[in-house]
Every structure is written in C-alpha cells, then in structure tokens.
Amino acid sequence: MAHARRIEINHSDEPIRLFKSDFLEMFTHISPVVVLILWLPVVLLFLWLSFARHVPGASWAYVPVAFLIGVFVWTLTEYLMHRFVFHYEPSSPEMERIFFLFHGVHHAQPQCKTRLVMPPVVSIPLALIFYGLFYLLLVVVLDARAWLPPMFAGFIVGYLIYDLTHYATHHFPMRWAPLKYLKRYHMQHHYKTPDKRYGVSSPLWDVVFGTKPA
C-alpha cells in the first residue's frame, strides 16, 4: 500500500479524526464487544437453521463439513480483501481519501483501540453481499440449499476469529506460541512489509500466493 509507506506512524492516544461531523466520526469507532454482540446471534441463527431445515432421514455429516468449509472460505476472503481491497493503490487524491478511511488510517495509527475491528457500517453490507454470493452458488447453481446455513455460519465465525485476532495482536501479549507467532507476523506487516504478510488469522494464503517473505 503506497500511502501506508508515506504516512508517518502516529502513536498518540488521541485518534486521528476522519470527519468534521461528530455523528459521522462516531461510526468510525467500535469495540470488539460490539462485534460479538452483533454477530454471535447471527451465527446461532444459522446454526439453528442448519438443523431446522434438515431433511428427515438424511445424514447430519454435511453440517460440520459445511461449517468448516465456511471457515476455510473466510480465510481466503480475508486474504483477498486485505491484499486487493484494503491495500489497493488509488490513482487519484479522491480515491486515496476513500481507501485511507477503509484501511490507511489503521496503518497510520495502528494502536488505536477503537479502529481495530470492522465497524457495522462496513461489515453488515459486506455480510449481505457475501450471503447473496453463497445463496447464488449453493441454492441457485448447486441446488444444495441445506448447505447454506452451516456454511454461512462458519464463514461468520471465521470473520469473528479474524477480527478478534486482529484486535489481540495489537493489544494483548499473546504468550502462547501460535498466537505469539501471529502477533509478530502482523506487526511485521505494519512496521516492515506493508506490501506482504496479508494474512491475520493465518499465514496460509501468503504462502500459497507468495506474499510471505522467505
């Protein structure tokens, strides 16, 4: 991300202001607790639908399989969005302003506690778009309606793991070896290689696509 390289990192406790309007500014700050309150009921709803819509006499095996596939699909989505959307290099000052609001501000002030998880004004529209894509693939194309609820539940759980892991890498010591590795990996993305190491919850796709430094 070119603009991430040009911006001096700000470690002030005072968040960078994005809007003159206090009302608009309010929507740029969010606690991870709000993310859990908002999305855990959605996960529970889709898990309930997974069983409520189960075809009598059919095997239950597809439910955990679909759930895990949903989590796996999220890991790829996380990587692609971080690399190609959040780190998109705009060609005009107007577009640069928009992408700064999306992600550039986080690179400019990486320790700001209220800008580490995705605000609902972004996450809800994205969730609706992805649900539409899941519906199109599973229901319209594959005629596998029963797979939709557990797979989407897994997708949202993957998102929660990502958001909470991201918050933790910035504000928790994370002494357990795998989590300590993720923290160091993400800090290197911020302070050494903003054009590498796009995975937050896992470095898997960095390895696959060659964006994990040797």
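Residues numbered from 1 in each chain as written. Predicted model: local features only at pLDDT ≥ 70, side-chain atom pairs only at ≥ 80, totals over all residues. Heavy atoms only, no water.

Sorry, what's going on with the overall build of the chain here?
The helix and strand tally for the chain stands at nine helices and zero strands. In sequence order, the chain lays out its α and β elements as α-α-α-α-α-α-α-α-α. What you see for the chain is a C-alpha radius of gyration of 19 Å, in line with the 17 Å of a compact globule of 214 residues. The principal-axis extent of the C-alpha atoms belonging to the chain is close to 60 × 45 × 35 Å. Residues classed as buried in the chain amount to 43% of the 214 residues present. A sequence separation of at least 24 residues applies to 67% of the contacts in the chain between residues at least 6 apart. For the chain, the exposed area adds up to about 11800 Å²; of that, 70% sits on carbon and sulfur atoms. Put simply, the chain has 18 plus and 13 minus side-chain charges, and the middle of one group is 7 Å from the middle of the other. (Helix = DSSP H or I, 4+ residues; strand = E, 2+ residues; numbered from the N terminus. Rg over C-alpha atoms; globule rule 2.2 N^0.38 Å. Buried < 20%, exposed > 50% of the residue type's maximum accessible area, 1.4 Å probe, protein only. Contact = heavy atoms within 4.5 Å. Areas by Shrake-Rupley, 256 points an atom, 1.4 Å probe, with all protein chains shown as cover. Lys, Arg positive; Asp, Glu negative; His and termini not counted. Charge placed at Lys NZ, Arg CZ, Asp CG, Glu CD.)

Would you take a moment to explain the packing of aromatic side chains for this structure?
For any pair of aromatic rings, geometry is given as the distance between the ring centres together with the angle between the planes. Within the structure shown, the criterion is met by 20 aromatic pairs. Geometrically, the ring pair formed by Trp39 and Tyr159 is edge-to-face, given 6.2 Å between the ring centres and 80° between the ring planes. Taken as a pair, Trp39 in helix 3 (residues 32–52) and Tyr159 in helix 7 (residues 148–171) lie far apart in primary sequence, 120 residues in all. The buried category is assigned to Trp39, whose relative accessible area is 7%. Between the aromatic rings of Tyr79 and Phe209, the centroid separation amounts to 5.3 Å while the plane-to-plane angle is 20°, which identifies the pairing as stacked. Of this pair, Tyr79 sits in helix 4 (residues 62–86) while Phe209 sits in helix 9 (residues 204–209), and the two are 130 residues apart along the sequence. (Phe/Tyr/Trp six-rings, centres within 6.5 Å; stacked < 30°, edge-to-face > 60°.)

How do you make sense of the side chain of Glu78 when you look at a structure like this?
Note that Glu78 resides in helix 4. Ignoring sequence-local partners within four residues, the contact set of Glu78 consists of Tyr162, Gly199, Val200, Ser201 and Ser202.

It is not clear to me how the pattern of salt bridges should be interpreted in this structure. Could you clarify?
The tally for this structure, following the rule as stated, stands at two salt bridges. Residue Glu25 pairs with Arg115 through a salt bridge whose shortest N-O separation is 2.8 Å. Taken together, the residues span a long stretch of sequence, with Glu25 in helix 2 (residues 22–26) and Arg115 in the loop between helix 5 (93–108) and helix 6 (120–141) at a distance of 90 residues. The exposure class assigned to Glu25 is buried, which follows from its relative accessible area of 7%. For Arg115, a relative accessible area of 10% gives the class buried. (Salt bridge = Lys/Arg side-chain N within 4 Å of Asp/Glu carboxyl O.)

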